[in-house]
Amino acid sequence: MDTSHKGNQKDKDEAGEEKGGLDWLLKNKDSETNPEPMDSNVLVSRLQNSPTSIYCRSAFTRDKVFKAASQGDAAHLSGLLDYLRLNDKRLTSPDFIDETNGKTALLKALLNLKDGKNDTIKVLIDIAEKTMDLDNLINAAYTDPCYKGQTALHVAIERRSFDYVKLLVQKGADVQATANGTFFQPNAGLGFYFGELPLSLAACTNQPEMVSFLMENQYRRADPTERDSQGNTVLHILVVIADDNTENTEVVASMYDRILVQHYKLSKGGRVQLESIENNEGLTPLKLAAKLGKIGLFSHMLNREFMDEEMRPLSRKFTEWVYGPVHSSLYDMSSMDTDENNSVLEIIIFGSEIPNRPEMLQIEPLRSLLQDKWKRFASKFFLMNFSFYLMYLAIFTTVAFYRKDGQPPFPVENIPVDHFRCLGEIISILGAARFLYKTISIFRRNPPNIRALFTDGFSEILFFLQAILLLMCAVLYFCGRREYVGLLVLSLALAWMNVLYYTRGSRQLGIYNVMMQRIILGDLLHFLCVYIVLLFGFSAAICTLIDDSADANTKQSNATVPRGRSFDVETFKCKKPNYDDIRFTTLELLKFTIGMGDLEFTDHVQYKEVFYILLICYIVLTYILMLNMLIALMGSTVQRISEQSETIWNLQRAFTILDMERTLPRWLRAKLHSRALEMVCFRNDQDKARRFFRVTEMKWKKWRSDLGTELKEGPVNHIMNAPTHRERSGNRWDLNVLLQRIRSGRHRQEDNYVL
């Protein structure tokens, strides 16, 4: 062994002599170790020959690095830097990345924090920085379809590690990186949609300090106006994750206001309005809250009022004056009223899939706005439409009652009565065509569904059926078919039923109609489903028991009976229906259900005892049990939905208001809107004036002392400081001026204020 060692050493010395120079002298020095590099964390002995050199070339694999990262053991990463340098590799090289999902050692370490820490994270970042691979490592993202785009910054935020988030941002992490894998998409089943961006993730996980840091740090600030693949900003995402839970609403609302205020301060009141940004569906955060039925956050957004003078332009509500429990407030109408496309009011009223629709219309200023529309013009138009419908119904009924008998179509005779009849028929057909066009327009805008029937009612469906039946009746009439009479009668019955639609104009009748519709669609429908099964089941069983042979013998005996005296007129043979006819049996059993059945049982049954048992069982199940149960359930339903019925009636009336408003000319609608709204400008705002709606409320639980703003001695808030063109001659809030404004409140013109 010694000889072999000496031989090898001799060969090396000879090779060194051949190379010559300083290298040969250094290799032959008495010291057995070379100096340790300054950037190494291990002692290197004879780099080219020692066992340590061989260890560095073979020891570090992806599994070993990942294991050290998951365990947080920085000692197991000793020598990794020298290994990477020696082999000209990086931590983002394919050898150190999971090829199935693109996971790096840094992602592995962040996923395995213990008490919020992992010692290998700083070691990995330091190694990447020294190997000129820092940017690639920090911004490396998952590549698999599920978690695609998720970076180390996303993981650190999700793990709620503020220290590592600051470290990553300081080292150059991309604060606008998008995690757009299927796990992070809406409606993807198992997953969490947070808006793909780091800022949205921090906001959705309720980390206010982290949100502030991402928006205000000195390295790279997150832009809250940035949108994800769905077009949603961070405010949209907060709306998506909100629900009606009180705690959730408070957290989301606080985060929403924080981001709104922080962005306004950073942009110094810039022209980019964060709340006005629309997503891919053309919805702002407010419209999205309305469409999703997030009533808690929606109410907060409408009633948001900042007392800080600098933040005042972000308010949607301004307390104008307070006198005891009376509060007069101005509500911002941006995106609210129907003078804008796809307004909040239209989204709620026409969105049949939206939960909490009736309750959302009770939030100010929507409630007062609808009441104002009803008082100013809708009630008049509604009464006029009702009058026209009664006239149409009278004409339709007269035409149907005085119809001609015989084979249609009938010629128009040259007499006044026939002319009037023909004119009435034309009016009836034209009215049906109008109803058909109107209902189809409503169905296209607001498709009917089972859930919407409980809130919107089925009046439009009845109008549609009435129009269809009458138009089909006209077709059969001109085709010479006498069956047109059946369709005419059905259409006439539906026309009279549709008078109930106009009960929406009366509170008491409207609520009664809502209760009736709810009972029909609920308790009565369930009763009929069970009752029809029993009715046809027992009818079939009873028909099966009938003895047909006995009936045949009766027919033969009747045939042998002499006819008696004859006057060349055939005697009419009267045959009484029997239980062998399924239609007669069903009708008789139906009579038993309502207590009108005939107890004269038939004798043509094979087993009378079985027949009696079937009949008695049917009476007990339907007349005694089910009918009384239906009555009890209807009483319980009326008590349960008594409070809901009024809000549903308000929703149905609101639907009627907007439907009538759409029929008005554009110039008239603009005039009606301008009379109800007031214009307000802000001192430091260069944008166009905002439109406000005044609401006066009685708040017995919120007195004047509860307000966080100074009030003048008169009933007015200090936010209004610029006189209008009508009040420049004197004090704006002089008593005489105030009384004059109150008297002319309903007829005031468009005012201009500066805020």
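Below you will find a few notes about this structure.

The rules we used
- The written sequence of each chain sets the order in which its residues are numbered from 1.
- Only residues with pLDDT of at least 70 are given local features in this predicted model, and only at 80 or more are side-chain atom pairs given and counted; all residues enter the totals for whole chains, interfaces and linings.
- Here the side-chain values reflect all heavy atoms present in the structure, with hydrogen atoms and water set aside.
- Here's how the labels work: a residue is buried when its accessible area is under 20% of the maximum for its type, exposed when over 50%, partly exposed in between, all with a 1.4 Å probe on protein chains only.
- A helix here means a DSSP run of H or I that spans at least four residues, while a strand means a run of E at least two residues long, and both kinds are numbered starting from the N terminus.
- Paired strands, in this sense, are two strands between which DSSP finds at least two bridges.
- Geometry of aromatic contacts follows a simple scheme: Phe, Tyr and Trp rings, the Trp one being its six-membered ring, pair when their centres are within 6.5 Å, and the pair is stacked under 30 degrees between planes, edge-to-face over 60, tilted otherwise.
- In this analysis an axis means a line fitted to C-alpha atoms, helices contributing only their contacting stretch, and an angle means the value between N-to-C directions, from 0 to 180 degrees.
- Helix crossings get a hand from a simple test, with the near helix turned counterclockwise from the far one by less than a right angle marking a left-handed crossing and a clockwise turn marking a right-handed one.
- Residues are treated as being in contact if the distance between any of their heavy atoms lies within 4.5 Å.
- Roughly parallel means an angle under 35 degrees; roughly antiparallel means over 145; roughly perpendicular covers 65 to 115; every other angle is labelled oblique.
- Should a side-chain nitrogen of Lys or Arg be within 4 Å of a carboxyl oxygen of Asp or Glu, the pair is scored as a salt bridge.

In this section: the pairing of strand β4 (residues 690-698). A large share of β4 lies buried, amounting to seven of its nine residues. When strand β2 (residues 326-332) meets β4, the two strands line up antiparallel, connected through seven bridges. Residue pairing in the sheet places Y331 in a bridge with F693 of β4.

Residue P365 is reached from E364 by a cis peptide bond, and omega for that bond is 10 degrees. Here P365 is to be found in the loop between α18 (357-360) and α19 (366-401). That bond from P408 to P409 is cis: its omega, -5 degrees, falls within 30 degrees of zero. With respect to the helices, strands and loops of the structure, P409 is situated in the loop between α19 and α20 (416-445).

All right, on to the packing of aromatic side chains then. The geometry of an aromatic ring pair is captured by the separation of the ring centres together with the interplanar angle, meaning the angle of the planes. For the coordinates displayed, the defined rule picks out 32 aromatic pairs. Between F350 and F655, the aromatic rings sit 5.2 Å apart at their centres with planes inclined by 85 degrees, giving edge-to-face as the arrangement. One end of the pair, F350, is in helix α17 (residues 344-350); the other, F655, is in helix α28 (residues 642-662), and 305 residues separate them in sequence. Side by side, F350 and F655 carry an identical accessibility label, which is buried. On the numbers, 5.4 Å between centres and 35 degrees between planes, the contact of Y389 with Y502 is tilted.

This part covers the packing of helix α15 (residues 285-292) against helix α16 (residues 295-302). The geometry of α15 relative to α16 is characterised by a closest axis approach of 9 Å and an angle of 145 degrees between their N-to-C directions. Remark: the crossing between α15 and α16 carries left-handed chirality. Contacts between α15 and α16 pair P285, L286, A289 and A290 from the former with F298, M301 and L302 from the latter.

With that settled, consider the packing of helix α26 (residues 582-593) against helix α27 (residues 608-640). Between α26 and α27, the least distance of the axes is 9 Å, while the angle of their chain directions is 45 degrees. When the axes of α26 and α27 are compared, the pair comes out oblique. The handedness of the crossing between α26 and α27 is right-handed. On α27, the residues that touch L589, L590, F592 and T593 of α26 are L615, Y618, I619, T622, Y623 and L627.

Here the focus is the pattern of salt bridges. Under the criterion given, the structure shown has 28 salt bridges. Salt-bridge contacts for R662 lead to E346; the nearest nitrogen and oxygen are separated by 3.1 Å. Taken together, the residues span a long stretch of sequence, with R662 in helix α28 and E346 in helix α17 at a distance of 316 residues. Owing to a relative accessible area of 35%, R662 belongs among the partly exposed residues under this scheme. Take E346: its relative accessible area is 15%, and that puts it in the buried class. A salt bridge links R481 to E483, with the shortest nitrogen-to-oxygen separation between them at 3.4 Å. Via salt bridges that share partners, K404, E413, D418, R421 and E425 belong to a single interconnected network.

Moving on, we come to the side chain of S161. With respect to the helices, strands and loops of the structure, S161 is situated in the loop between α9 (152-158) and α10 (162-170). Relative accessible area serves as the criterion here: at 6%, S161 is assigned to the buried category. Discounting residues that sit within four places of it in the chain, S161 has contacts with L113, G116, A156 and M210.

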